[in-house]
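So the chains spell out like this:
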Amino acid sequence: MKQETNIDWNNLGFNYIKTDFRYISTWKNGAWDEGHLTEDNMLSISEASTALHYGQQCFEGLKAYRTKNGSIQLFRPNENSKRINNSLKKLLMPEIPEEKFINACIDVVKANERFVPPYGTGATLYLRPFVIGVGHNIGVKPAPEYLFGIFCVPVGAYFKEGLKPVNFMISDYDRAAPRGTGSAKVGGNYAASMQAHEIALKRGFADCIYLDPATNTKIEEVGAANFFGITKNDEFITPLSPSILPSITKYSLMHIAKEYLGLKVSEGDVYIDNLDIFKEAGACGTAAVITPIGGIEYKNTLHVFYSETEVGPITKKLYDTLVGIQFGDVKAPEGWIYKVK
């Protein structure tokens, strides 16, 4: 394996970079094969694959982190395993044993160790597990075969100059149906969000916020991330809905808010007409960890939380604590960290 990597770690974006190895496993005749690492980053599939025509596919996203002592660790991959299996069940695809999923993630990181960014750059190695329906099939039914793959790319720190609040607008579009695939991490949810996202960008916003599709009165998701708010009496509140993707980052922040910061924590309805109860707000997900929300435009009025230019103190503590855990600088709750090296 090549040992040198000519990468400017401090100026990485979130772009595809071909790394040395990726993992691939095939399901056929009722079982997954052993799986293997390969240098080939191209897939050859049937033109009649269900992934192409009927959207029978799902994916995950997680990161590997280099710690101060040079070791490498994964953050809660067991939760990604649970979530991808929930997505697989939703789309009638074969589940992946947790041990197989986690071991495959570890194998990919080890095989691409030279692409794990150095500690202190804020950069990480992003892993993208995915499952697609393949094989010859023209009817609307589950595929005869499936591919489970994991590739990785080094990605830069989301906020290169520190956390910065951004503004969002309320979308007129729905992200997912009330009893649809909103809680599964499937490609169709993201394809359906592209038009609304583009509208938000053209209007000068970072992204849009989706309200619940049934009543259009409650906040559900912020672009491709989960919403949270800090109330004026220091309560961490986040929406609860069957059509929201259960964010591993969000549930980690809920634990940190309660156990590390001593806040009251709750999931429930977050009504768009009640923004005044929050003194801080944010969006959370794997890529950015936390994106502070400066303001939300609703009914042609921009509701500003803590500030449009400065991050609220509780949001900053949540971010610093979680990132500290991920990079090994803050003691993690039991079972959150999986050592790769």
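What counts as what
Residues numbered from 1 in each chain as written. Predicted model: local features only at pLDDT ≥ 70, side-chain atom pairs only at ≥ 80, totals over all residues. Heavy atoms only, no water. UniProt positions renumbered as here; feature names shortened; annotations may be inferred. Helix = DSSP H or I, 4+ residues; strand = E, 2+ residues; numbered from the N terminus. Expected span 1.5 Å × (residues − 1). Buried < 20%, exposed > 50% of the residue type's maximum accessible area, 1.4 Å probe, protein only. Salt bridge = Lys/Arg side-chain N within 4 Å of Asp/Glu carboxyl O. Axes fitted to C-alpha atoms, helices over the stretch in contact; angles between N-to-C directions. Parallel < 35°, antiparallel > 145°, perpendicular 65-115°, else oblique. Left-handed = near helix turned anticlockwise from the far one by under 90°. Contact = heavy atoms within 4.5 Å. Nonpolar A, V, L, I, M, F, W, Y, C, P; charged D, E, K, R; others polar. Phe/Tyr/Trp six-rings, centres within 6.5 Å; stacked < 30°, edge-to-face > 60°. Polar contact = N/O pair within 3.5 Å; in protein donor to acceptor, adjacent residues only side chain to side chain. Pairing = 2+ DSSP bridges.

- For the protein chain, an unreviewed UniProt entry supplies the name Branched-chain-amino-acid aminotransferase and the organism Sarcina ventriculi.
- According to its UniProt record, the protein chain has this under Sequence similarities (unreviewed entry): "Belongs to the class-IV pyridoxal-phosphate-dependent aminotransferase family."
- Note on the protein chain: under the UniProt heading Cofactor (unreviewed entry), the record states "pyridoxal 5'-phosphate".

**Details of helix H3 (residues 98-111)**
Spacing of three or four residues puts side chains on the same side of an α-helix, whose turn is 3.6 residues.
So, step 1. Between its first and last C-alpha, H3 extends 20 Å over 14 residues, near the 20 Å set by a 1.5 Å rise per residue.
So, step 2. Restricting attention to buried positions, one finds in H3 the residues Lys100, Phe101, Ile102, Ala104, Cys105, Ile106, Val108, Val109 and Ala111.

**Structural notes on the pattern of salt bridges**
So, step 1. Per the stated rule, a full pass over the model turns up 13 salt bridges.
So, step 2. One salt bridge connects Lys250 with Glu267, and the closest N-O pair in it is separated by 3.0 Å. Placement of the pair is Lys250 in helix H6 (residues 248-259) and Glu267 in strand S14 (residues 264-268), with a sequence separation of 17 residues.
So, step 3. Taking relative accessible area as the criterion, Lys250 reaches 2% and is therefore assigned buried.
So, step 4. Among the charged side chains, a salt-bridge network with shared partners connects Arg66, Glu113 and Lys341.

**Some remarks on the packing of helix H2 (residues 77-90) against H3**
So, step 1. Two elements in contact, H2 and H3, have axes whose closest approach is 9 Å; the angle formed by their N-to-C orientations is 125 degrees. As judged from the angle between their axes, H2 and H3 are oblique. Relative to H3, the crossing made by H2 is right-handed. Of the residues in H3, those in contact with Pro77, Asn78, Asn80, Ser81, Lys82 and Ile84 of H2 are Glu98, Phe101 and Ile102.
So, step 2. Tallied by class, the residues present in the contact of H2 with H3 amount to four nonpolar, three polar and two charged.

**Remarks on the packing of H6 against helix H7 (residues 313-326)**
So, step 1. For the pair H6 and H7, the least separation of the axes is 10 Å and the interaxial angle reads 110 degrees. Accordingly, the angle class assigned to the pair H6 and H7 is roughly perpendicular. For the pair H6 and H7, the sense of crossing is right-handed. On the side of H6, the interface is formed by Thr249, Ser252, Leu253, Ile256 and Ala257, while H7 contributes Leu318, Thr321, Leu322 and Ile325.

**Thoughts on the packing of aromatic side chains**
So, step 1. Scanning the entire structure with this criterion turns up 13 aromatic pairs.
So, step 2. Their ring planes at 85 degrees and their centres at 5.1 Å tell us that Tyr65 and Phe327 sit as a pair that is edge-to-face. Here Tyr65 is found in strand S5 (residues 62-66), whereas its partner Phe327 is found in the loop between H7 and strand S18 (337-339), with 262 residues between them in sequence.
So, step 3. Here Phe327 falls in the buried class, since its relative accessible area comes to 10%.
So, step 4. Each member of the aromatic cluster is reached from another via a ring pair, and the members are Tyr23, Trp32, Phe101 and Phe148.

**Re the side chain of Asn167**
So, step 1. Within the element layout of this structure, Asn167 appears in strand S9 (residues 166-170).
So, step 2. What makes Asn167 buried here is its relative accessible area of 19%.
So, step 3. Here Gly295 takes part through its backbone nitrogen, which lies 2.8 Å from a polar atom of the side chain of Asn167.
So, step 4. At 2.8 Å, the side chain of Asn167 forms a polar contact with the side chain of Glu308.
So, step 5. The contact partners of Asn167, leaving out residues within four places of it in the chain, are Phe205, Ala206, Asp207, Gly294, Gly295, Leu302 and Glu308.

**Let's talk about the environment of Val134**
So, step 1. Residue placement: Val134 occurs in strand S7 (residues 124-134).
So, step 2. Residues Val134 and Ala200, 66 residues apart in the sequence, show an inter-C-alpha distance of 35 Å.
So, step 3. Residue contacts for Val134: discarding those within four places in its chain leaves Ile45, Ser49, Thr50, Ala143, Pro144, Glu145, Tyr146 and Leu147.

**Comments concerning the pairing of strand S15 (residues 278-285)**
So, step 1. Counting buried residues in S15 gives seven out of eight residues, a clear majority hidden from the surface.
So, step 2. The pairing of strand S12 (residues 225-231) with S15 spans six bridges and is antiparallel. Across the sheet, the residue bridging to Gly229 is Ala281, located in S15.
So, step 3. Across four bridges, S15 lies against strand S16 (residues 289-298) in antiparallel orientation. When the sheet's bridge partners are listed, Cys284 is paired in S16 with Ile290.
So, step 4. Remark: three residues form the turn of the hairpin made by S15 and S16, two consecutive strands paired antiparallel.

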